[in-house]
Amino acid sequence: MAFRALTPAAMLAISMLALAQSQRWPDALRAADAQSDPLARSRARVEVFYAAGDLPGALREAHTGLGVAREDPILLRRACQLSTALRIPELAEEYAGRLAHSVAMGDPDPVKGGWWRGEANALEREVRELTRREGQLERAARRARATSLGVLGALFLALIALARTR
């Protein structure tokens with residue numbers, strides 16, 4: 001196997017990753033902003049925000065990048081991961097569906113395509129689990145509210161009954 005020289009874009013991506021890992025966020029963000037290609041710039045900004053721990057910022061940037069390249073699987077994957085981590089099931093479902101569609105229409109290379117299909121399927125499972133848990137949480141909160149109201153109502157009736165006996 002022959003060694004191939006790194007492209008300038010790959011070298012810049014490696015440099016940005018090193019800057020982000022060393023927690024030099026302003027430098028990493030400047031390097032991302034220096035990308036001339038809007039898609040590459042958005043991808044790089046997403047990764048800088050993600051590495052910095054700014055998940056809402058990374059999600060916002062992924063959303064912006066998807067305005068440039070609606071079906072970009074890299075941004076869709078990260079947007080799905082971020083919306084799942086931030087527990088936004090509706091958004092996670094949207095991105096998971098778009099990723100599955102993008103992957104189905106994408107790379108004919110069986111190795112790459114297989115990896116992307118596996119990734120899309122795993123994210124869809126995570127989103128279904130998130131949606132299921134969020135539904136359980138919502139139902140539990142409704143039951144708790146109903147129970148609280150029932151207890152308050154019973155207490156109020158008991159107080160009225162006690163007041164009448166005096």
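Refer to the structure printed above.
All of these numbers come straight from a predicted model, not from anything done at the bench.

Thresholds applied
- Residues numbered from 1 in each chain as written.
- Predicted model: local features only at pLDDT ≥ 70, side-chain atom pairs only at ≥ 80, totals over all residues.
- Heavy atoms only, no water.
- Salt bridge = Lys/Arg side-chain N within 4 Å of Asp/Glu carboxyl O.
- Helix = DSSP H or I, 4+ residues; strand = E, 2+ residues; numbered from the N terminus.
- Buried < 20%, exposed > 50% of the residue type's maximum accessible area, 1.4 Å probe, protein only.
- Phe/Tyr/Trp six-rings, centres within 6.5 Å; stacked < 30°, edge-to-face > 60°.
- Lys NZ or Arg CZ within 6 Å of the ring centre and 35° of its normal.
- Axes fitted to C-alpha atoms, helices over the stretch in contact; angles between N-to-C directions.
- Parallel < 35°, antiparallel > 145°, perpendicular 65-115°, else oblique.
- Left-handed = near helix turned anticlockwise from the far one by under 90°.
- Contact = heavy atoms within 4.5 Å.
- Nonpolar A, V, L, I, M, F, W, Y, C, P; charged D, E, K, R; others polar.
- Expected span 1.5 Å × (residues − 1).
- Patch = residues over 30% accessible without salt bridge, like charges linked within 9 Å, V, L, I, M, F, W, Y side chains within 5 Å.
- Areas by Shrake-Rupley, 256 points an atom, 1.4 Å probe, with all protein chains shown as cover.
- Core = buried A, V, L, I, M, F, W, Y, C linked by side-chain atoms within 4.5 Å.

### Remarks on the pattern of salt bridges
Turning to step 1, where the next piece is worked out: Enumeration according to the criterion identifies twelve salt bridges in this entry.
Turning to step 2, where the next piece is worked out: Among the salt bridges present, the one from E129 reaches R133, with a minimum N-O distance of 3.1 Å. With E129 and R133 both in helix 7 (residues 110-165) and four residues apart, this pair spans about one turn of that helix.
Turning to step 3, where the next piece is worked out: Here R142 makes a salt bridge to E138, at a shortest N to O gap of 3.0 Å. Within this pair, R142 and its partner E138 are both found in helix 7, separated by four residues, close to a single helical turn.
Turning to step 4, where the next piece is worked out: R142 gets classed as partly exposed once you look at its relative accessible area, which sits at 42%.
Turning to step 5, where the next piece is worked out: Using a relative accessible area of 47% as the deciding quantity, one classes E138 as partly exposed.

### Some thoughts on the packing of aromatic side chains
Turning to step 1, where the next piece is worked out: This model, assessed by the stated rule, comprises one aromatic pair.
Turning to step 2, where the next piece is worked out: Taking 4.9 Å as the distance between ring centres and 85° as the angle between the ring planes, the aromatic pair formed by W115 and W116 counts as edge-to-face.
Turning to step 3, where the next piece is worked out: By relative accessible area, W115 is classed as partly exposed at 45%.
Turning to step 4, where the next piece is worked out: Against the face of Y50 rests R78, its NZ or CZ located 3.8 Å from the ring centre.

### Here we look at the packing of helix 3 (residues 38-52) against helix 5 (residues 73-85)
Turning to step 1, where the next piece is worked out: Where helix 3 meets helix 5, the closest approach of the two axes is 10 Å, and the angle between their N-to-C directions is 25°. Considering their axes alone, helix 3 and helix 5 lie roughly parallel with respect to each other. Helix 3 and helix 5 meet at a crossing whose hand is left-handed. Residues L39, S42, R43, V46, E47 and Y50 of helix 3 form the contact with helix 5, whose participating residues are I74, L75, R78 and L82.
Turning to step 2, where the next piece is worked out: Taken together, the residues that form the contact of helix 3 with helix 5 break down as six nonpolar, one polar and three charged.

### Thoughts on helix 6 (residues 89-104)
Turning to step 1, where the next piece is worked out: Between its terminal C-alpha atoms helix 6 stretches 22 Å, which fits the 22 Å expected from 16 residues at 1.5 Å a residue.
Turning to step 2, where the next piece is worked out: For helix 6, the set of buried residues is P89, A92, Y95, A96, R98, L99, S102 and V103.

### Things to note about unusual backbone geometry
Turning to step 1, where the next piece is worked out: A positive phi angle is found at R87, which is not glycine, with a value near 60°.
Turning to step 2, where the next piece is worked out: Tracing the chain through its elements places R87 in the loop between helix 5 and helix 6.

### A few points about a nonpolar patch on the surface
Turning to step 1, where the next piece is worked out: Residues L149, L152, L155, L159 and L162 make up a contiguous nonpolar surface patch of about 520 Å² in total accessible area.
Turning to step 2, where the next piece is worked out: Among the secondary structure elements, L155 is positioned in helix 7.

### Some words on the nonpolar core
Turning to step 1, where the next piece is worked out: Among the nonpolar cores identified, the biggest contains 23 residues, and L66, A79, C80, Y95 and L99 are the most heavily contacted of them.
Turning to step 2, where the next piece is worked out: Broken down by secondary-structure element, the contributors of at least two residues to this core are helix 3, helix 4 (55-68), helix 5, helix 6 and helix 7.

### As for the environment of L86
Turning to step 1, where the next piece is worked out: Among the structural elements, L86 can be located in the loop between helix 5 and helix 6.
Turning to step 2, where the next piece is worked out: Through-space distance from the C-alpha of L86 to that of L59 is 9.2 Å; in sequence the pair is 27 residues apart.
Turning to step 3, where the next piece is worked out: Ignoring any residue separated from it by four or fewer positions in sequence, one finds L86 in contact with L55, P56 and L59.

### What to know about the packing of helix 4 against helix 5
Turning to step 1, where the next piece is worked out: Between helix 4 and helix 5, the least distance of the axes is 9 Å, while the angle of their chain directions is 145°. Every pair of crossing elements has a handedness; the one defined by helix 4 and helix 5 is left-handed. Contacts from L55, A58, L59, A62, G65 and L66 in helix 4 reach L75, L76, A79, L82, S83 and A85 in helix 5.
Turning to step 2, where the next piece is worked out: A breakdown of the residues in the contact of helix 4 with helix 5 according to their chemical character gives ten nonpolar, two polar and no charged.

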